[in-house]
Amino acid sequence: MKQKYLRICNTSLLLVAPAVLASGILQEYLHGRPFHGIGNTFLTWLHIIVFSVMTVLVVWHVFLNWQGMNKWYRRFKTHRSPGLKSTVITFLLTIVSGMTVVPLWLHDGHIGLGEWHGKIGFVSSFCIILHIIRHRRWYFIKRRKLS
């Protein structure tokens, strides 16, 4: 049963991650300007919502892979992969910087601190892409077992 949910979770993450990356690139490119008549406010809320969905999926992913959240820190600390540690740290920094930027954005509009959030987010995206590539065998093995 766990494998079924893990497959659903990982497939959902593969679908949501490009949307987060695309909306982040668009935000970085626009610097607060509208895009073909679509206001920056709408695009920013879209980015926030899609990233929130991704964050929920990542928590579910960790829960399924590490059998619950109560021992995650110990498993993270003893894990040998610097790639996984980089992915987790940059993702958490992206969340924290986003939670810092959103209230300021709501008050003042597009701000320079959002650019730092974007840079951290791109480093996190790079780490996530490497994580997906490293674990790509999982998808091929699961596909063969289901056929």
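Residues numbered from 1 in each chain as written. Predicted model: local features only at pLDDT ≥ 70, side-chain atom pairs only at ≥ 80, totals over all residues. Heavy atoms only, no water.

Peer 1: Please give an account of a nonpolar patch on the surface that cites residues and values.
Peer 2: Taken together, the side chains of Y5, I8, W60 and F63 define a hydrophobic patch exposed on the protein surface, amounting to about 360 Å² of accessible area. Among the elements of the structure, helix 1 (2–30) and helix 2 (40–65) are those that each provide at least two residues to the nonpolar patch. Structurally, the position occupied by W60 is in helix 2. Judged by its relative accessible area of 30%, W60 is partly exposed. (Patch = residues over 30% accessible without salt bridge, like charges linked within 9 Å, V, L, I, M, F, W, Y side chains within 5 Å. Areas by Shrake-Rupley, 256 points an atom, 1.4 Å probe, with all protein chains shown as cover. Salt bridge = Lys/Arg side-chain N within 4 Å of Asp/Glu carboxyl O. Helix = DSSP H or I, 4+ residues; strand = E, 2+ residues; numbered from the N terminus. Buried < 20%, exposed > 50% of the residue type's maximum accessible area, 1.4 Å probe, protein only.)

Peer 1: Before we move on, can you summarise helix 4 (residues 82–108) with the specific residues and values?
Peer 2: Residues spaced three or four apart along an α-helix point in a common direction, a consequence of the helix completing one turn every 3.6 residues. Taking 1.5 Å of rise per residue, the 27 residues of helix 4 would be expected to cover 39 Å, and the 38 Å separating its terminal C-alpha atoms lies within 8% of that figure. Along helix 4, the positions that sit buried rather than exposed are L84, T87, T90, F91, T94, I95, S97, G98, V101 and W105. Packing partners of the buried residues in helix 4 comprise helix 2 and helix 5 (113–134). (Expected span 1.5 Å × (residues − 1). Contact = heavy atoms within 4.5 Å.)

Peer 1: Give a detailed account of the environment of M99, specifying residues and quantitative values.
Peer 2: Inspection of the secondary structure assignment puts M99 in helix 4. Among the residues examined, M99 registers a relative accessible area of 61% and is labelled exposed. Taking the C-alpha atoms as reference points, M99 and H117, separated by 18 residues in sequence, lie 9.6 Å from one another.

Peer 1: Talk me through the environment of F122; I want residue IDs and the actual numbers.
Peer 2: Within the secondary structure, F122 sits in helix 5. For the pair F122 and T90, spaced 32 residues apart in sequence, the C-alpha to C-alpha distance is 9.2 Å. What F122 contacts, discounting residues up to four positions off in sequence, is L21, G24, I25 and E28.

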